[in-house]
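# Coordinates in review
The residues making up each chain are set out below.
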Amino acid sequence: MLAMELAGCGAGNREAKTADLAAGAAVAQSDEARAEEAAPMAKSAAAPRMQTASSPAPPPAAAPAPAPRPMAKGIAMSPPRSAVAVAPVAPPPPPAPEPQSNTEDYRDYGVNGATDPARDRLSTFAIDVDTASYSISRRKLLEGGLPPVSAVRAEEYLNYFDYGYEYKNSPLPYTIHLAGAPSPYAAGHHVLRVAIQAKRLSVAERRPVHLTYLVDTSGSMQSEDKIELAKKSLKILTSSLKPGDTIALCTYAGSVREVLGPTPAVAQKDRVMRAIDDLTAGGSTAMASGIELAYRLAERGRVSGHVNHVVILSDGDANVGPTSHEVILDQIAHYKERGITLSTVGFGTGNYKDTMMEQLADKGDGNYSYIDSVDQARRVFSDQVSGTLEVVARDMKVQVDFSPEVVKEYRLIGYENRDVADKDFRNDHVDGGEVGAGHAVTALYDVVLKRQDRSPITVRVRHKAPEPKAGAPDVATEHAEAMQPGQIARSFDEAPRDLRFATAVAGFAEILRQSPYATGTHMADILRIARASNGGKPEQAEFIGLVERAGRLSPDGDRRVGAIAK
């Protein structure tokens, strides 16, 4: 099993999938620049399955060990953590003020367990190109704390980075990249990578887009890192559009308001920018009513054959009208069938509702991002805007077939909330994931091989066209590739640079989420792997800095995972 030393981790297995890996690493770019833009964030206290954060507090002395969380069938659960809130001390006569409550919300999906392919040889999941979890964790680390355990989703860490995968022109809208190497964390284990690179589109090649911006202007958005950063983000996105694109704008607080109907994005750019500038926050939060208005606006501007998309910018906190994500999610299905998709962009801290924002984007066939700085806004809405705006493959699912003659056991790192039943891989009524132009998907398996002279896995991928063809059945296309023995490096140091860096990223996520498979590895090992595989990209240098920062958060300076995860 992946080796990474972790104190106080829960354990367990997931219903059908397994392997073992672990690697770790953390980020740091310009800490000072990001810290200026980031607002203070609190550590969080965990509860079984759902985690809410509590107010920041000085490190307590020798807290008792937490009780283990209940185990869900087939899933390894992490133990809860708690933070003790301490009110600031003020001399009388004025009494010490009460600390502000922190109501952040994250869902714990557990940790995949290890599986014997003789019992279950298939690992099936929907792809996921979201990256919010990594951005949230970066903000927590830059503000001096560890991210909540339940906020860490390993697949979103992996998919944050550009590994430079090549797209080979073919009838398929993607290219599969397979590679493997001995694990740097546990003797006798290997890391196998399954990656997918979607084809890239130029601005001229992409279809016209009709965007509806839905902006949360409730009182909870009243801060520089929320409404003001949201406005800056919208301006960056607006400036990335081309002639033929349109923008509609609406807001929600205690009530909803249409600010702009469908408006030409280039010809009337000044009008759009003025409308964005005029946005202010105040009042309660009627999210469900806002989503309904946004879809009505999107319906007015919808053009068949074009991209019709709603973008929600919010902290996810709903407190007026229907407020549960289950009720709000029910609104989305009807419009998705009419070709209007939805993405979410998260802002802020203290009351942030990660679960709501992630599930809205999932249900809306869109992407989920978290913006913690202007740099991140540029990354999402300028550098990677084609992937945000145009889908090249819909309902994509991956099924990895492990040969029982070659593989003793396997474990998928991450994708716990993207699990698909093996029998539903070819069921085209079961949702997969959407892949935008230029997006890349990376999945790592920790495996134990019985032999290395035969193919260990066959990878099958199914996807649908970006839009169903009129009068034709909406069915998926399937493609399969086998990993060849020559694609597995003889040593980890001989493995491709991108695989080695991804191994460090996956291990870091395993550490922070307190995976029961992350035992025995030191943070120094993660740093060594990340530094040796650093390709000179700013995001990689930032990651290395975050790993160093996470190591310094240990009370006794010990770099072992057990100390860091305390």
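Look a little higher up for the structure.
Residues numbered from 1 in each chain as written. Predicted model: local features only at pLDDT ≥ 70, side-chain atom pairs only at ≥ 80, totals over all residues. Heavy atoms only, no water.

Its 16 residues give helix H4 (residues 224–239) an end-to-end C-alpha distance of 21 Å, which sits within 8% of 22 Å, the value for a rise of 1.5 Å per residue. Its axis deflected by about 25° at Ala230, H4 carries its strongest bend there. Within the span of H4, buried status applies to Asp225, Lys226, Ile227, Leu229, Ala230, Lys231, Ser233, Leu234, Ile236, Leu237 and Thr238. (Helix = DSSP H or I, 4+ residues; strand = E, 2+ residues; numbered from the N terminus. Expected span 1.5 Å × (residues − 1). Bend = angle between axes of the 7 residues up to and from the residue. Buried < 20%, exposed > 50% of the residue type's maximum accessible area, 1.4 Å probe, protein only.)

A few words on empty space enclosed by the protein. Evaluated as defined, the whole model comprises five cavities of 30 Å³ or more. Taken as a whole, the largest cavity holds about 110 Å³ of empty space. For the largest cavity, the lining is made up of 14 residues, of which Tyr109, Gly110, Val152, Arg153 and Arg513 are closest to its centre. Here the second largest cavity is characterised by a volume of approximately 90 Å³. Taken together, Ile127, Asp128, Val129, Asp130, Ala361, Asp362, Asp365, Gly366, Arg418, Gly432, Gly433 and Glu434 make up the full set of residues lining the second largest cavity. Within the residue set of the lining of the second largest cavity, elements represented by two or more residues are helix H9 (354–363) and strand E16 (433–436). The class makeup of the residues in the lining of the second largest cavity is three nonpolar, three polar and six charged. (1 Å grid on protein atoms, 1.4 Å probe; cavity = no way out; pocket = protein on both sides within 12 Å on 5 of 7 lines; lining within 4 Å. Points joined across faces, edges and corners; volume = space filled by probe spheres on them. Nonpolar A, V, L, I, M, F, W, Y, C, P; charged D, E, K, R; others polar.)

The subject of this paragraph is the packing of aromatic side chains. Tallying each qualifying case throughout the model produces 17 aromatic pairs. Geometrically, the ring pair formed by Tyr134 and Tyr160 is tilted, given 4.3 Å between the ring centres and 35° between the ring planes. Separated by 26 residues along the polypeptide, Tyr134 in helix H2 (residues 132–142) and Tyr160 in the loop between helix H3 (154–158) and strand E6 (174–182) bring together distant segments of the chain. The same class applies to Tyr134 as to Tyr160, namely buried. An angle of 65° between the planes, with centres 5.1 Å apart, marks the rings of Phe402 and Tyr445 as edge-to-face. Note that Phe402 is positioned in strand E14 (residues 391–402) and Tyr445 in strand E17 (residues 440–449), a separation of 43 residues in sequence. Exposure class is identical for Phe402 and Tyr445. Each is buried. An aromatic cluster is present here, built from Tyr134, Tyr157, Tyr160, Phe161, Tyr163, Tyr165, Phe501, Phe508 and Phe543 joined pairwise through their rings. (Phe/Tyr/Trp six-rings, centres within 6.5 Å; stacked < 30°, edge-to-face > 60°.)

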